Each structure stands twice: as structure tokens, then as C-alpha cells.
Amino acid sequence: MRDKIIEEIKKADTIMIAGHIMPDGDDISSVSSLTYGLTMYGKKTVGIIDDEIPEYLEEFKFVKKYIRDFDCAKKNPSDLIIIVDASSPDRVGRVQELFEYRRVIVIDHHATNTNFGNINWIDPSYASTAQMVKEVLEGLDVKYNSELATMNLTGIATDTGFFRYSNTDQKVFRDAADLIEKGAELSKITNSVLENKPIENLLLLKDVIDEMEFYNDNKIVISHVKLDMIEKYNILPKDIPPFVGDLRSLKGVEVAVMFNEHEKGVFHVSMRSKEWFDVSKIAFEMGGGGHPRAAGFSSDKPLEELKNITLLKIKEVFEKK
């Protein structure tokens, strides 16, 4: 499938690379590194994310350098659209409006992908889409420099929790080592993501801890962030920290769920599990997707109703185990 994608890229003159809304590290890494890499290959490219980018990711210079908004997409017609790290067309925002008129390639590692492209390379065995992007660029014989290697490594590092999650396998370490050999600066990535937290985030975490609820002998933990909670600390919705990881880290917890209000009455739900629970199945049932240990969905249901529905589905799985 990678070879088919390479042939499509060779035939195209202008290429749009688009990522998903609510971007994370793998998303911005995959969009920017494929955009830059194909530019180095000689293609006219534009990278697009149709959403606001969290402040901690804007710290990377390559984000502002290679990623544009949807208005830029409309001004830059392309022969080919390559969607990276997005499991369904609604996850790319208004970019999906352009699908009818262009050939679409999807490169993704989410098992819940709906195969919405003309060519789909979907492989959950990869820990990150950034690794798949790396294989495409290597297949085109793109010569890496330090900048490209660093932006490519960002997706691998963040989607494996900096090599802590269960998706960290031998290939992850081989790819990371290869990129570091090519000049990737891992310390820049860790400093930007892990060592750069505003004090307001810790103050908000205190409130999140106050709102924690435990179920099933403390194996399930949930909490939430509402708009009035972030307004106290002048935090924008796009910059709500991923506290779900903090909840999952608690001793004895198998499943952690955060309900984050990103606009009035609309919640983005982040789910994480530790060892055996497949949260992607719950997320898919609720209209979202993701990985077995990390998934999510959005809903406009009232918070308490949304909590009850989500908890019921999680508890049903515990009862069957």
C-alpha cells in the first residue's frame, strides 16, 4: 500500500496534507513532516489543520512554518489530498468538503478508521502515524536533515508517551534511533512537551482532583473540566491539559475518563486504560474512535447524562470480564 501511495505522490503536481481537528503531537508531526518532506522532494505542498492548535504544540517552530488553516486550503487547489492520523472524514473538519473534487489518500494507524479515502493505508501495528510518514518519505529517498528528523520524531515520542506506553515496541525504538542518527533533537521535544507547563495548569489540576469520582473498587476514575473552571485561570478550551493521563496513573486504576467542555454544552471525552480494557470500542459506539488504550469522542449531551451513559458502557465490560 505504501508503494501505491508513493506512485500517486509521484504523479501529483500539487498536494495538500491534512490532519485532524483537536490536534495532538502525532497529528502536527505527521502533517508538518510530510509537508516538508514532499517539498524537499520537489512537490508543491500545503499542510492544513482545520482547528486551533494547543499552545504547547505551537512551541514547535515547524508548526507555524508548515501548517496552515482551512482558508489557506481554499486558496491552494491541489491534485491530491493526503489525510494523516484521522480515522473518519468528520475528523478533518471542513477539509472533507474538498474530497468530491480530488483524489484522497488516507494514512493512519487507528484500528477504528472507516477507510474513507480512494487509497487507504491503515495499519494499527504502528505506534504512530509519524512512523508511516517516515516510510513514505524514505520510499521517495527524501534526504533527512535535523529539522525534518525532529518534527518526524515528535509524533513517535508523543504517541508512545515518550516510550512508556504499551505500543512501544522494537520498531518504535529502531525508528527513533534512526531519526536521532539523522539529527533529531529529542531533548527539544521533551522540553517543549514535558517541561513547559504553565502554573495555571497545576491550579486547574487541583480542581480536577476535587471533581474525581471512583467506581468499581477504584478501578474506574472520572473527572471533568467545565468552562467556568478554566475561565478562573484564563485557560482557553484548546489548551485544556490532557489530565486523563494523570488519572490513569493512579494506583489500581484501569480506566480513566475526562469530560472536557470545549464550547458551551459540548464535551470532548478522553478515555485511557492501563492493561486490558479496550476503550476504543466504547469510543466507537459513541461516535468517536482511537486505540485500545487511548480513545475519545465528542457529545452535546448534558454532563451528568453523558457521565452515566459512558459509565454504564464501561461497567458492562467489567461485569463480563
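Residues numbered from 1 in each chain as written. Predicted model: local features only at pLDDT ≥ 70, side-chain atom pairs only at ≥ 80, totals over all residues. Heavy atoms only, no water.

## Overview of the overall build of the chain
Turning to step 1, where the next piece is worked out: Looking only at helices and strands, one finds 14 helices and twelve strands in the chain.
Turning to step 2, where the next piece is worked out: Taken over the C-alpha atoms alone, the chain extends approximately 55 × 40 × 40 Å along its principal axes.
Turning to step 3, where the next piece is worked out: In the chain, the proportion of contacts linking residues at least 24 apart, taken out of those at least 6 apart, comes to 63%.
Turning to step 4, where the next piece is worked out: Summing over all exposed atoms, the chain offers an accessible surface of approximately 14800 Å²; the carbon and sulfur share of this is 48%.
Turning to step 5, where the next piece is worked out: With 42 positive and 54 negative side-chain charges, the chain shows a separation of 3 Å between the mean positions of the two kinds. (Helix = DSSP H or I, 4+ residues; strand = E, 2+ residues; numbered from the N terminus. Contact = heavy atoms within 4.5 Å. Areas by Shrake-Rupley, 256 points an atom, 1.4 Å probe, with all protein chains shown as cover. Lys, Arg positive; Asp, Glu negative; His and termini not counted. Charge placed at Lys NZ, Arg CZ, Asp CG, Glu CD.)

## Side note on the UniProt feature "domain: DHHA1" (unreviewed entry) in the chain
Turning to step 1, where the next piece is worked out: Mapped onto the present numbering, the UniProt feature "domain: DHHA1" (unreviewed entry) falls on residues 224-309.
Turning to step 2, where the next piece is worked out: The annotated region residues 224-309 carries 28% helix and 31% strand content, and the separation between its end C-alpha atoms amounts to 15 Å. (UniProt positions renumbered as here; feature names shortened; annotations may be inferred.)

## With respect to the packing of helix α7 (residues 146-159) against helix α8 (residues 170-181)
Turning to step 1, where the next piece is worked out: Direction vectors running N to C along α7 and α8 enclose 160°, while the axes themselves pass 9 Å from each other. Taken together, the axes of α7 and α8 lie roughly antiparallel to each other. Relative to α8, α7 is oriented so that their crossing is left-handed. Two secondary-structure elements touch here, α7 through Ala-149, Asn-152, Leu-153 and Ile-156 and α8 through Val-172, Asp-175, Ala-176, Leu-179 and Ile-180.
Turning to step 2, where the next piece is worked out: Here the residues of the contact of α7 with α8 are counted per class, giving seven nonpolar, one polar and one charged. (Axes fitted to C-alpha atoms, helices over the stretch in contact; angles between N-to-C directions. Parallel < 35°, antiparallel > 145°, perpendicular 65-115°, else oblique. Left-handed = near helix turned anticlockwise from the far one by under 90°. Nonpolar A, V, L, I, M, F, W, Y, C, P; charged D, E, K, R; others polar.)

## As for the pattern of salt bridges
Turning to step 1, where the next piece is worked out: Considering all chains together, one arrives at 21 salt bridges under this definition.
Turning to step 2, where the next piece is worked out: The residue Lys-238 makes a salt bridge to Glu-58 at a minimum N-O spacing of 4.0 Å. You can see Lys-238 sitting in the loop between α11 (227-231) and α12 (244-248) and its partner Glu-58 sitting in helix α3 (residues 55-58), a full 180 residues away along the chain.
Turning to step 3, where the next piece is worked out: Its relative accessible area of 33% is what places Glu-58 among the partly exposed residues.
Turning to step 4, where the next piece is worked out: Between Glu-304 and Lys-307 there is a salt bridge, and its shortest N-O distance comes to 3.7 Å. One end of the pair, Glu-304, and the other, Lys-307, are both in helix α14 (residues 303-320), three residues apart, so they sit about a helical turn from each other.
Turning to step 5, where the next piece is worked out: Exposure remark for Lys-307: the relative accessible area of 2% places this residue in the buried category.
Turning to step 6, where the next piece is worked out: What emerges from the salt-bridge pattern is a single network uniting Lys-134, Glu-135, Glu-138, Lys-171, Asp-175, Asp-178 and Lys-182. (Salt bridge = Lys/Arg side-chain N within 4 Å of Asp/Glu carboxyl O. Buried < 20%, exposed > 50% of the residue type's maximum accessible area, 1.4 Å probe, protein only.)

## Observations regarding the layout of surface pockets
Turning to step 1, where the next piece is worked out: Estimates place the volume of the second largest pocket at around 310 Å³.
Turning to step 2, where the next piece is worked out: Lining the second largest pocket are Glu-59, Phe-60, Lys-61, Phe-62, Lys-65, Ser-146, Glu-147, Thr-150, Glu-185, Lys-188 and Ser-192.
Turning to step 3, where the next piece is worked out: Of all the secondary-structure elements, those providing two or more residues to the lining of the second largest pocket are α4 (61-66), α7 and α9 (186-194).
Turning to step 4, where the next piece is worked out: Of the residues belonging to the lining of the second largest pocket, the class tally is two nonpolar, three polar and six charged. (1 Å grid on protein atoms, 1.4 Å probe; cavity = no way out; pocket = protein on both sides within 12 Å on 5 of 7 lines; lining within 4 Å. Points joined across faces, edges and corners; volume = space filled by probe spheres on them.)

## Examining the UniProt feature "domain: DDH" (unreviewed entry) in the chain
Turning to step 1, where the next piece is worked out: Here the UniProt-annotated "domain: DDH" (unreviewed entry) positions come out as residues 15-156.
Turning to step 2, where the next piece is worked out: Counted over residues 15-156, helix gives 39% and strand 18%. Its end C-alpha atoms are 23 Å apart.

## Structural notes on the packing of aromatic side chains
Turning to step 1, where the next piece is worked out: Applying the stated rule across the entire model yields eight aromatic pairs.
Turning to step 2, where the next piece is worked out: Summarising the aromatic geometry, the rings of Phe-60 and Phe-62 are spaced 5.2 Å apart at their centres and angled 25° between planes, so their arrangement reads as stacked. Just as Phe-60 is buried, Phe-62 falls in that class too.
Turning to step 3, where the next piece is worked out: Aromatic pair Trp-276 and Phe-277: ring centres 5.4 Å apart, planes at 50°, arrangement tilted.
Turning to step 4, where the next piece is worked out: When its relative accessible area of 29% is taken as the criterion, Trp-276 is described as partly exposed.
Turning to step 5, where the next piece is worked out: Members of the aromatic cluster, joined through ring pairs, are Trp-276, Phe-277 and Phe-318.
Turning to step 6, where the next piece is worked out: For Lys-182, the ring lying beneath its charged end belongs to Tyr-144, and the centroid distance is 5.7 Å. (Phe/Tyr/Trp six-rings, centres within 6.5 Å; stacked < 30°, edge-to-face > 60°. Lys NZ or Arg CZ within 6 Å of the ring centre and 35° of its normal.)

## Considerations on the domain arrangement of the chain
Turning to step 1, where the next piece is worked out: Annotation of the chain at the domain level lists domain 1 (2-194) and domain 2 (199-320).
Turning to step 2, where the next piece is worked out: In this structure, domain 1 and domain 2 have C-alpha centres spaced 26 Å apart.
Turning to step 3, where the next piece is worked out: Across the contact surface, domain 1 and domain 2 share one salt bridge.
Turning to step 4, where the next piece is worked out: Joining domain 1 to domain 2, the criterion identifies five residue pairs in polar contact (both at pLDDT 80 or more).
Turning to step 5, where the next piece is worked out: Per-class residue counts for the side of domain 1 that touches domain 2 are five nonpolar, four polar and four charged. (Domains from an automatic or database assignment. Polar contact = N/O pair within 3.5 Å; in protein donor to acceptor, adjacent residues only side chain to side chain.)

## Some thoughts on the nonpolar core
Turning to step 1, where the next piece is worked out: Within the largest apolar cluster, 49 residues are counted, with the highest numbers of intra-cluster contacts made by Ile-9, Leu-34, Leu-38, Ile-82 and Ile-107.
Turning to step 2, where the next piece is worked out: With six residues, α7 is the single largest residue contributor to this core.
Turning to step 3, where the next piece is worked out: Residue contacts for Ile-107: discarding those within four places in its chain leaves Ile-5, Ile-82, Ile-83, Val-84, Asp-85, Trp-121, Thr-129, Met-132 and Val-136.
Turning to step 4, where the next piece is worked out: Listed in part, the 20 residues of the second largest apolar core include Ile-222, Ala-283, Met-286 and Leu-303. (Core = buried A, V, L, I, M, F, W, Y, C linked by side-chain atoms within 4.5 Å.)

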